[in-house]
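Here are the chains, one letter per residue:
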There are 2 protein chains.
Amino acid sequence: MLRNITLFLLMIFSFEASSQDSLIIRKIYTAALNEGQAYTFLSELTSRYPGRLSGSKAAAGAVEWAYERMKSLGFDTVYLQECMVPHWVRGNAEEAKVFAANSKTGKKVNICALGGSVATPSKGITADVVEVKSFDELNKAGRSLNGKIVFFNQVMDPTHVSTFDAYGGAVGARWAGAEAASQYGALAVVVRSMTLAHDDLPHTGVMSYGKATQKIPACAISTNDADDLSKQLKAGNPVTMFLKTNCETLPDEKSYNVIGEMRGDSKDVIVMGGHLDSWDNGAGAHDDGAGCVQSIEMLRLFKTLGIKPKHTIRAVLFMNEENGGRGGDKYAEEALRKKEKHIAAIESDAGGFSPRGFSMDAPVAVREKVKSWVPLLFPYGVYDFTREGGGADIEPLKEQGVPLFELSPDSQRYFDFHHTSADQLNAVNPRELALGAAAVASFVYLIDTYGL
Amino acid sequence: MLRNITLFLLMIFSFEASSQDSLIIRKIYTAALNEGQAYTFLSELTSRYPGRLSGSKAAAGAVEWAYERMKSLGFDTVYLQECMVPHWVRGNAEEAKVFAANSKTGKKVNICALGGSVATPSKGITADVVEVKSFDELNKAGRSLNGKIVFFNQVMDPTHVSTFDAYGGAVGARWAGAEAASQYGALAVVVRSMTLAHDDLPHTGVMSYGKATQKIPACAISTNDADDLSKQLKAGNPVTMFLKTNCETLPDEKSYNVIGEMRGDSKDVIVMGGHLDSWDNGAGAHDDGAGCVQSIEMLRLFKTLGIKPKHTIRAVLFMNEENGGRGGDKYAEEALRKKEKHIAAIESDAGGFSPRGFSMDAPVAVREKVKSWVPLLFPYGVYDFTREGGGADIEPLKEQGVPLFELSPDSQRYFDFHHTSADQLNAVNPRELALGAAAVASFVYLIDTYGL
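The following paragraphs examine the structure supplied in this document. Computed from a predicted model, the values in this text were never measured in an experiment.

## What about the overall build of chain A?
Alright, step 1. In terms of regular secondary structure, chain A is built from 14 helices and 15 strands.
Alright, step 2. Over its C-alpha trace chain A gives a radius of gyration of 23 Å, about what one expects of a compact globule, namely 22 Å for 452 residues.
Alright, step 3. Along the three orthogonal principal directions, the C-alpha set of chain A runs to about 75 × 50 × 40 Å.
Alright, step 4. For chain A, contacts bridging at least 24 residues in sequence account for 82% of all contacts bridging at least 6.

Next up, the structure:
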């Protein structure tokens, strides 16, 4: 492993970058840091259209905002790409209480329904709670879960340096916990929030019923409440929980990806994007207002600095990443239909934090080429090209053979805000956001200049 | 420049690290992330002893806390190192108002006296304001500043990627603005706060009268207020300002560095530290509670993990970094007097943010050796050894030939909090703090194992 890292690092730094590239990248950073617009764009988007869940009025408003915004910046083309999206709504205020053994009063706890969940009956669900920490434990408990509320308390592993790795190891509980519990007759599932923070915020996120024949309500509980609940259960006394959620899945709605582009001599495309939809409970500042405004800012920097691209450079604000991915699917479908050749696809959907590098999902030769550019980006703190993966919205382009990349910002704080009411503008540092925009603009510039 | 970076990077990665080192570093990170104590220590320090300016009761309390804390952790030795420190106090609430031409009401603005400043007369100072943006402009204005309040509005250059570089380019105004303005008969100096953020917080910090024969009051104004004031002045109408500060320099007080150590077979020392004092207006969480608790945590990790050091590993919580550096001076003086050989000195005084590397002030051969360890630290996001410099508290060891290092965390948010009331525990992310502690512990482990 160490030998591999050493060899890998040796390999990276064999590129002699031109000083012209170095100057242009410096210009990109200077413009982004000095008179960047990313934070202004994010302020507009999050203040006017918080809670942009697919199918909502806020999402429709955000589409209009993004279209007009890009129009006003004078890009070569700005257009909408229609797609049908799911329309899930949370409904009225959710309620939950935990009743320790023999207690009638109960303690209010913070929950939020998971995206896609059915609601509880209107009188709520009251049942004994059974804690499991893994699918193994859940399956072992089996039919003993019948008539119970399953408390899926899988803790994210804090020893991962990347919080995304910790998330990846735990999020199955949120995605498939209800499906697994329902087969044993459980009445509902309450999932520990997907965060490494210890706080009172419930974190929503998408779930699936998979092949479940019985759809049971699924919601998230804050990590502090989860720890308290676990402690009570450990004491050995029965604990009862009351849950009431009011969510609902309405018919699909028409919505749009919003696309802006600057054109070069070649019609081949380099696409860079984020997703315009967000969860309903926050302003979607980090997730993924940041990626949206960085995409717009990338194009604006090209235009402002007079960088004439060789190819078509596209900023795409995808719709419906959070609970369906219909925008990403539609984009790939249209690219195929129109026979658009994509040289590269880049996503920013990991928060507006200080950039550290780009992850990759690409053939070896492409990776080598990209790594040879590190000396140009290292002075800006962009050094890490070791992570795997593109992003959810560009993933559908993979089968067309498009190399995929995703901006890797510092991940430590992402899950402090992710899918919560705390994902607000004030959680974003303007300089960190701007550095991300400059990083993607520089990366797009290098791909445009040298190809892949 | 690019060629240099490429060569430098190539050079770094020629080390074949042992897998034993790799395992121990993984253990250090696992312990720091899983059951780390740094954030708990920081919570204790900042809640019990906020505003630990040298000579204050809070500083004395912090000394006691640090001593007892390290004692309770069972280090081999814990002791105090006496030093006399300056004792500057802010006094009662400060006041400032800006009066636009012909206005009698005025607009309240947020100021704070700079550390070391004299107070205004008890009735305050009311005078016309003259704006300068540099020492050049100040000197050109010359005697026209007589009887005026000088508004030193030097903006930190946002195009630097490292905010410390931006700070370095502007902080002269805070340090020497009063000295420069006083020679032309100015009555006071109001300095733009040292931050890249646009907000309402005045940032204090140390200033010096140098060779000034007349000591005039010096204070900082928030960047928002500075921008407003500048706009008013640009409009061409005279602007008057009222200032009232109540600060005072009292006789020196007795205080202490707090030292804990774990001993190995060799008496040679590896010292790692932060500073225990902080400005009076905040809790000193990032500056430099973070460095203090990382130093304690570094020793605790050695002890907990049963890593037996070869050398004496020392955690030093220095007193008086902010306005005098007496603790750092005393430490070096005692090292010389006791003929202690120091192999390396490491400081953490750049905030409790995600670590990215270490800066160095050391001979070439030492730098080469350190860089050869990068493959071991790269997986933890510690990759940047290109920055110059040690830190203020260890700087006095330089003339004893000690190689100096400083932890380089991501710098983007540091000056959002620096020397303000916002430097509180909640501005610190527990994981970022823990990663910094693990980084310094790993670095100390490598120095202890391989020497320098």
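## Things to note about the environment of T223(A)
Residues and elements named next belong to chain A.
Alright, step 1. Residue placement: T223 occurs in helix α8 (residues 223–234).
Alright, step 2. Given a relative accessible area of 0%, T223 falls into the buried group.
Alright, step 3. As a C-alpha pair, T223 and H203 span 20 residues in sequence and 9.3 Å in three-dimensional space.
Alright, step 4. Those residues within four positions of T223 in sequence are excluded, and the remaining contacts are R192, S193, T195, A197, H198 and D199.

## Quick word on empty space enclosed by the protein
All names here are of chain A.
Alright, step 1. Scanning the model with the defined rule gives four cavities of 30 Å³ or more in all.
Alright, step 2. If you add up the space inside the largest cavity, you get close to 50 Å³.
Alright, step 3. Split by residue class, the lining of the largest cavity holds one nonpolar, six polar and three charged.
Alright, step 4. Taken as a whole, the second largest cavity encloses approximately 40 Å³ of empty space.
Alright, step 5. As for the second largest cavity, its lining consists of S278, W279, N281, G282, G284, D287, E322, H419, T420 and D423.
Alright, step 6. In the lining of the second largest cavity, the residues fall into one nonpolar, six polar and three charged.

## Points about the pairing of strand β2 (residues 95–99) of chain B
Residues and elements named next belong to chain B.
Alright, step 1. Sheet analysis places β2 next to strand β9 (residues 240–244), joined by five bridges and oriented antiparallel. Bridge pairing in β9 places E95 opposite K244.
Alright, step 2. As paired elements, β2 and strand β3 (residues 107–108) share two bridges and run antiparallel to each other. Looking at the pairing, V98 lines up with K107 of β3.

## Some remarks on the nonpolar core
Alright, step 1. The biggest cluster of nonpolar side chains holds 149 residues, and the ones touching the most others in it are L276(A), M298(A), L276(B) and M298(B).
Alright, step 2. Contacts of M298(A), omitting those with residues within four sequence positions, involve M272(A), I313(A), R314(A), A315(A), V440(A), A441(A) and V444(A).

About the criteria used
- Residues numbered from 1 in each chain as written.
- Chains lettered and ligands numbered in written order.
- Predicted model: local features only at pLDDT ≥ 70, side-chain atom pairs only at ≥ 80, totals over all residues.
- Heavy atoms only, no water.
- Helix = DSSP H or I, 4+ residues; strand = E, 2+ residues; numbered from the N terminus.
- Rg over C-alpha atoms; globule rule 2.2 N^0.38 Å.
- Contact = heavy atoms within 4.5 Å.
- Buried < 20%, exposed > 50% of the residue type's maximum accessible area, 1.4 Å probe, protein only.
- 1 Å grid on protein atoms, 1.4 Å probe; cavity = no way out; pocket = protein on both sides within 12 Å on 5 of 7 lines; lining within 4 Å.
- Points joined across faces, edges and corners; volume = space filled by probe spheres on them.
- Nonpolar A, V, L, I, M, F, W, Y, C, P; charged D, E, K, R; others polar.
- Pairing = 2+ DSSP bridges.
- Core = buried A, V, L, I, M, F, W, Y, C linked by side-chain atoms within 4.5 Å.

Any functional reading would require information that these geometric values do not contain.
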